[in-house]
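# Reading the structure
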Amino acid sequence: YRLVSNAIDKHMGDSGSSQVGPDHPLWSMFMAFEHDRIHLETSSVLLRELPLELLRKPEYWPEPHESHKRHASKSNPIIGKDFPANELVHVHGAPTVTIGKQRESPSYGWDNEYGERVVTNVPSFDASRMMVSNGEYYEFVKDGGYRRKEFWSEDGWGWRTFRNAKWPFFWSQEGPAGKH
């Protein structure tokens, strides 16, 4: 930790700029941080695929903060109380949309994110204002989202039917029929 902190302090101070681009001495550190995040994400997915009885909390992890008791999971969360209402925002279509990351961008990016790509005939669509919450996803499952092919990509529906998934694998079911 000290070695990395010192390197950041030294090189950020030397450059006189808070922007770290591909030619900056710290670029490789940003690459390492991002690479590590990818491994954490992959590990998280793999852990969620395991049966709960095979998981255990590492000894060195601290106990949960007292506040977690106030937000204990509920079997029937209520919108606006247990999770926020998430409105849809209309995004107008366009004849052309340019996507891609500029080389001068002040944030890290993988090689496939750079460059310019023009997409034509982009239709209008609605997008949620916030990321989907667990409560919203619960509502999706409860309302039959895992039984409705129109909500899935072709590959996603293939996975769902192959696994016979009725809800996320890592959800604990309660009662004879599970949570829904």
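Our subject in this report is the structure included herewith. The model shown is predicted, which means the values in this text are computed figures rather than measured ones.

## Notes on the overall build of the chain
Of the regular secondary structure elements, the chain holds four helices and four strands. Ordered by position from the N terminus, the helices and strands of the chain form the series α-α-β-β-β-β-α-α. A fraction of 53% describes how many contacts in the chain between residues 6 or more apart in sequence connect residues 24 or more apart.

## Quick look at the nonpolar core
Considering soluble globular proteins, one finds that nonpolar side chains tend to be buried as a cluster. Among the nonpolar cores identified, the biggest contains eight residues, and these are Y138, V141, Y146, W152, W157, A165, W167 and W171. For W152, the contacting residues outside a window of four places in its chain are F140, G145, Y146, W157, W159 and R160. V20, L26, M29 and Y108 belong to the second-largest nonpolar core, a separate cluster that totals six residues.

## Quick notes on the pattern of salt bridges
Where charged atoms from two side chains of opposite charge come close, those side chains can pair. In the structure shown here, the tally under the stated rule is six salt bridges. Between E49 and R163 there is a salt bridge, and its shortest N-O distance comes to 2.9 Å. Residue E49 is located in the loop between helix 2 (27-48) and strand 1 (88-91), and its partner R163 is located in helix 4 (residues 154-163); the two are separated by 114 residues in the primary sequence. For E49, a relative accessible area of 31% puts it in the partly exposed group. Taking the relative accessible area as the measure of exposure, R163 reaches 35% and is therefore partly exposed. Of the charged contacts in the structure, one is a salt bridge between K142 and E139, with a shortest N-O distance of 4.0 Å. Of this pair, K142 and E139 both sit in helix 3 (residues 134-142), three residues apart, which is roughly one turn of the helix.

## Structural notes on the side chain of R160
With respect to the element layout, R160 can be found in helix 4. Lacking a salt bridge, the buried R160 has E150 as its closest oppositely charged neighbour, with an N-O distance of 10 Å. One polar contact links the side chain of R160 to the main-chain carbonyl oxygen of A165, over a distance of 2.7 Å.

## Thoughts on helix 3
Among all positions of helix 3, only G135, Y138 and V141 are buried. The buried residues of helix 3 occupy one face: seen down the axis, they fall within an arc of 115°.

## Focus on the packing of aromatic side chains
Scanning the model with the defined rule gives ten aromatic pairs in all. Geometrically, the ring pair formed by F30 and F33 is tilted, given 6.3 Å between the ring centres and 55° between the ring planes. Taken together, the positions of F30 and F33, both in helix 2 and three residues apart, correspond to about one turn of that helix. Judged by its relative accessible area of 33%, F30 falls in the partly exposed class. Linked through ring pairs, Y137, F140, Y146, F151, W152, W157 and W159 together constitute an aromatic cluster. The ring of Y114 has R103 lying over it, and the distance from NZ or CZ to the ring centre is 4.3 Å.

Reading the values: rules and limits
Residues numbered from 1 in each chain as written. Predicted model: local features only at pLDDT ≥ 70, side-chain atom pairs only at ≥ 80, totals over all residues. Heavy atoms only, no water. Helix = DSSP H or I, 4+ residues; strand = E, 2+ residues; numbered from the N terminus. Contact = heavy atoms within 4.5 Å. Core = buried A, V, L, I, M, F, W, Y, C linked by side-chain atoms within 4.5 Å. Buried < 20%, exposed > 50% of the residue type's maximum accessible area, 1.4 Å probe, protein only. Salt bridge = Lys/Arg side-chain N within 4 Å of Asp/Glu carboxyl O. Lys, Arg positive; Asp, Glu negative; His and termini not counted. Polar contact = N/O pair within 3.5 Å; in protein donor to acceptor, adjacent residues only side chain to side chain. Arc of directions from axis to C-beta. Phe/Tyr/Trp six-rings, centres within 6.5 Å; stacked < 30°, edge-to-face > 60°. Lys NZ or Arg CZ within 6 Å of the ring centre and 35° of its normal.

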